[in-house]
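Chain by chain, the residues run as shown.
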Amino acid sequence: MTDVTVAIIGSGFGGIGMAARLNRAGITDVVLLERAADLGGTWRDNSYPGAACDVPSHLYCFSFAPNPDWTRSFSPQPEIWDYLRRVAAAEGVTGKIRFGEEVTAARWDPAARRWRIETTSSTLSARFLVTAAGPLSDPLIPAIPGLGAFAGAVFHSATWDHDRDLTGRNVAVIGTGASAIQFVPRIQPLVNQLTVFQRTPPWIIPRRDRQISRLEHWLFRHAPATQRIARAGIYLGRETYALGFVKNPDIMRKAEALARGHLRRQVGDPDLRARLTPSYRMGCKRILISSDYYPALTQPNVSVVTDGITEIREKSVVTSDGTAYDADTLIFGTGFHVTDFPVAQRIFGTGGVSLARRWSAKPAQTAFRGTTTAGFPNLFVLTGPNTGLGHTSQVFMIEAQIRYVVSALLHARRHGIERVEVRPAAQAAYDQMVQRKMRPTVWVTGGCRSWYLDADGRNITLWPDFTWSYARQTRRFDPANYDLARSARGVTDALAR
Ligand SMILES: Cc1cc2nc3c(=O)[nH]c(=O)nc-3n(C[C@H](O)[C@H](O)[C@H](O)COP(=O)(O)OP(=O)(O)OC[C@H]3O[C@@H](n4cnc5c(N)ncnc54)[C@H](O)[C@@H]3O)c2cc1C
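Here the structure is a predicted model, which means the values were calculated and not measured.

Asker: Would you mind showing me how to read the state of the cysteines here?
Answerer: Such a bond, covalent and formed between the sulfur atoms of two cysteines, is termed a disulfide. Scanning all chains against the criterion turns up 1 disulfide. Of all cysteine sulfurs in the structure, the one in Cys61 sits closest to Cys53, which takes part in no disulfide; the separation is 9.1 Å.

Here it is as structure tokens:
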């Protein structure tokens, strides 16, 4: 059995960033466990046509690894995947990843003060466990009656079947979220008939994408401060959205007017326009950006169906009004398991209780600073409860969490501490603060039901404030909020095997 100081689950932005920053801090006895055959997480899996980030690339990357070579303001998936590979190699992380090792269980051993981890092919023990298993890494396909009887190809946008040639096919797309609006315009010119099943229309604003010029590339390479300034400008611009999301949702009315104008300009047919017009406050669900989705929907081979799907048959999708829509390919753009947090079912803390069970007790799914949970010593959850965002780069939040974890481990090393557990009172007070901030937000008052909410309607996903306030709170480890146990073997041993 391997013994390591830190085991990390996942090798997306979270896992790679975590290992890179630990390396730089001198904590090098680290292993990353990745179930897939390659690194990259979201950007390895989501290879559907048109996949790209929707936060500008200068901000959607690590602050410590700027990329002067982004080709577009919103870079396509292959470029982001390639960026992650290069960062992992440059930071000495790639060699620490064990591919094809899915973590099936991690159990806290109180006597040894270590995590015992089982994967699909090995067992290991770690003093600290960081899970970076991703907020959107397990695709969700709704259980629609008859789905198993469908005779054609069925796949999710995150597991795109590139062997399926869509030319001349009758394709049904289920869902109209962030992924669907990217791939629909790409497949529409190929297919015979495209039927888009929409439950709730998204708010869509224009996508101001452009090629990054040669002059900009030159400047970013030779005067890196210019890229930092560009990044800061994007960051501040994005934070103004938070004003409308979390401080005063009425501000979103102005942005709604912009989005309505965008829809009016791109969709002439008043009936289709009505079906595409949202009835909830903008921001309540993720705001989408696209300049080619609406035009694709106006093409003669596309229908937008708003009646609910009741059944799937061998060669059709049937809606509540009894209409059967022919299909030989079903593509699900129905999102991911988010609020049920799949990895939490595999982590067992004090007394053998799973994190999923702990988080299903009321109040559900809370973590101190979105990262640590009482009953789960030495466990840090990246993109944990209430660290998601609706307006800016998730990588910003991930980096803030990483800083906090590194600071905690350095504190442990300095003081010979080998067990770190957040105090229940600190966790409860933190959760009350988060839910208090949540009350006036657009996600609570905006009149929609989104994947941000759990079964009880509690927003356990998003951070309800400006991101700088989260970064401030996680800048440094705060030992007063933790129960800490020192190593009996002395200071130097705390992070040793
Ligand atoms: C299509 C798409 C577009 C997006 N665009 C943006 C954007 O523009 N801006 C933005 O801010 N965010 C965006 N996101 C959110 C995105 O998920 C995050 O920004 C970020 O990539 C999350 O990184 P991560 O490392 O936390 O998770 P992931 O990238 O999901 O990586 C998690 C890794 O953990 C592995 N894993 C999971 N469970 C296990 C297990 N049990 N054992 C071993 N390995 C495991 C997975 O295989 C995966 O490699 C997008 C998400 C999607 C799906």
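Asker: What exactly am I supposed to notice about helix α6 (residues 224-247) here?
Answerer: Residues spaced three or four apart along an α-helix point in a common direction, a consequence of the helix completing one turn every 3.6 residues. Here α6 spans 34 Å end to end across 24 residues, near enough to the 34 Å set by a 1.5 Å rise per residue. Residues of α6 that are buried: Gln227, Arg231, Ile234, Tyr235, Arg238, Glu239, Ala242, Gly244, Phe245 and Val246. Buried residues along α6 sit in contact with α5 (214-222), α7 (252-266), α11 (394-415), α13 (442-445) and α14 (467-473).

Asker: So what exactly am I meant to see when it comes to the environment of Met1 here?
Answerer: Within the fold, Met1 resides in the segment before β1 (2-9). Overall, Met1 belongs to the exposed group, its relative accessible area being 62%.

Asker: Is there a simple way to think about the side chain of Ser11 in this case?
Answerer: Position of Ser11 relative to the elements: it lies in the loop between β1 and α1 (13-24). One polar contact links Ser11 to Glu34, side chain to side chain, over a distance of 2.9 Å.

Asker: Looking at this structure, how should I read the environment of Ala106?
Answerer: Its location among the elements puts Ala106 in strand β4 (residues 103-109). On the accessibility criterion, Ala106 (0% relative accessible area) is buried. Considering only alpha carbons, one finds Ala106 and Arg346, 240 residues apart in sequence, at a separation of 6.2 Å. When neighbours within four sequence positions are excluded, Ala106 is seen to be in contact with Trp115, Arg116, Ile117, Leu129, Arg346, Ile347 and Phe348.

Asker: Can you help me understand the site of the ligand in this one?
Answerer: Close to the ligand lie 36 residues; Gly14, Glu34, Asp54, Tyr60 and Gln394 are nearest. Between the ligand and Phe13, the relevant distance is 3.1 Å, taken from an oxygen atom to a main-chain nitrogen or oxygen of the residue. Arg44 places a side-chain nitrogen or oxygen 3.0 Å from an oxygen atom of the ligand. Computed on the free molecule, the ligand has an accessible area of 980 Å², of which 95% lies beneath the protein chains in the complex. Of all the secondary structure elements, the ones that give two or more residues to the shell around the ligand are α1, β2 (30-34), α2 (42-45) and α11. If one sorts the elements of the shell around the ligand by residue count, α2 sits on top with 3 residues. Here the shell around the ligand is composed, by residue class, of 15 nonpolar, 14 polar and 7 charged.

Asker: Is there a simple way to explain the packing of aromatic side chains in this structure?
Answerer: Per the counting criterion, the structure on display carries 26 aromatic pairs. Taken together, a centroid distance of 6.5 Å and an interplanar angle of 80° make the contact between Trp443 and Tyr452 edge-to-face. Residue class for Trp443 comes out buried when judged on its relative accessible area of 3%. Pairing Trp451 with Tyr452 gives two aromatic rings, centres 4.7 Å apart and planes at 65°, and the pair type is edge-to-face. A relative accessible area of 41% places Trp451 in the partly exposed class.

Asker: Before we go on, may I ask you to explain the pattern of salt bridges in this structure?
Answerer: A side chain with one charge can pair with a side chain of the opposite charge if their charged atoms come near. Applying the stated criterion across every chain, the model contains 30 salt bridges. Close ionic contact of Arg44 with Glu34 constitutes a salt bridge, the shortest N to O distance being 3.3 Å. Taken together, the residues span a long stretch of sequence, with Arg44 in helix α2 and Glu34 in strand β2 at a distance of 10 residues. The buried category is assigned to Glu34, whose relative accessible area is 5%. Residue Asp431 is joined to Arg458 by a salt bridge in which the shortest nitrogen-to-oxygen separation is 3.1 Å. Note that Asp431 is positioned in helix α12 (residues 424-438) and Arg458 in the loop between α13 and α14, a separation of 27 residues in sequence. Pair check on accessibility: Asp431 and Arg458 agree, each one buried.

Asker: Explain the sheet that holds strand β12 (residues 302-305) to me, please; I cannot follow it from the model alone.
Answerer: Sheets are built from strands paired through backbone hydrogen bonds, the pairs being either parallel or antiparallel. Taken in spatial order, the 5 strands of this open sheet run β7-β16-β8-β9-β12, and their pairing is parallel. The open sheet is flanked by β7 (153-156) and β12, the only strands paired with a single partner. Taken over all neighbouring pairs, the strand axes of this sheet differ in orientation by 15° on average, direction set aside. The strands that helix α4 (residues 180-187) touches are β8 (170-174), β9 (193-197) and β16 (329-332); relative to β8, the one it contacts most, it runs at about 170°.

Asker: Would you explain the nonpolar core in this entry?
Answerer: In summary, soluble globular proteins display a tendency toward joint burial of nonpolar side chains. Formed by 86 residues in total, the largest nonpolar core has its most connected members in Val6, Ile8, Phe13, Met18, Leu22, Phe62 and Tyr83. By residue number, the principal contributor to this core is α11, which donates 12 residues. For Val6, the contacting residues outside a window of four places in its chain are Leu22, Ile27, Asp29, Val30, Val31, Ala126, Phe128, Val130 and Leu409. Counting residues in each nonpolar core, the second largest holds 28 residues, with Ala51, Ile187, Ile204 and Leu297 among its members.

Asker: Sorry, what's going on with the pairing of strand β14 (residues 316-319) here?
Answerer: Side chains on a regular strand alternate between the two faces of the sheet. Burial along β14 is two-sided: the face carrying Ser316 and Val318 and the face carrying Val317 and Thr319 are both buried. Strand direction decides the pairing type here: strand β13 (residues 309-313) and β14, joined by 4 bridges, are antiparallel. Bridge pairing links Ile312 to Val317 in β14. A loop of 2 residues connects β13 with β14, the two strands running antiparallel in sequence.

Asker: Explain the sheet that holds β13 here, please?
Answerer: Read across the sheet, 3 strands follow the order β13-β14-β15 without closing on themselves; strand pairing throughout is antiparallel. Strand pairing shows two members of the sheet lacking a second neighbour, β13 and β15 (324-326), which therefore form its edges. Shown here is a sheet whose adjacent strand axes are inclined to one another by a mean of 25°, direction ignored.

Asker: What should I look at first to understand unusual backbone geometry in this one?
Answerer: Of all residues except glycine, most have a negative phi; of all peptide bonds, most are trans. If you check the backbone angles, Asn378 has positive phi at about 60° while not being a glycine. As for its position among the elements, Asn378 is in the loop between α10 (355-360) and β18 (379-381). Relative accessible area serves as the criterion here: at 0%, Asn378 is assigned to the buried category. In this structure, Thr383 is a non-glycine residue whose phi angle is positive, near 50°. Considering the arrangement of structural elements, one finds Thr383 in the loop between β18 and α11. Residue classification places Thr383 among the buried positions, given a relative accessible area of 8%.

Rules and cut-offs
Residues numbered from 1 in each chain as written. Predicted model: local features only at pLDDT ≥ 70, side-chain atom pairs only at ≥ 80, totals over all residues. Heavy atoms only, no water. Disulfide = S-S within 2.5 Å. Helix = DSSP H or I, 4+ residues; strand = E, 2+ residues; numbered from the N terminus. Expected span 1.5 Å × (residues − 1). Buried < 20%, exposed > 50% of the residue type's maximum accessible area, 1.4 Å probe, protein only. Contact = heavy atoms within 4.5 Å. Polar contact = N/O pair within 3.5 Å; in protein donor to acceptor, adjacent residues only side chain to side chain. Near = heavy atom within 4 Å. Areas by Shrake-Rupley, 256 points an atom, 1.4 Å probe, with all protein chains shown as cover. Nonpolar A, V, L, I, M, F, W, Y, C, P; charged D, E, K, R; others polar. Phe/Tyr/Trp six-rings, centres within 6.5 Å; stacked < 30°, edge-to-face > 60°. Salt bridge = Lys/Arg side-chain N within 4 Å of Asp/Glu carboxyl O. Pairing = 2+ DSSP bridges. Axes fitted to C-alpha atoms, helices over the stretch in contact; angles between N-to-C directions. Core = buried A, V, L, I, M, F, W, Y, C linked by side-chain atoms within 4.5 Å.

That is the geometry; function is a separate question.
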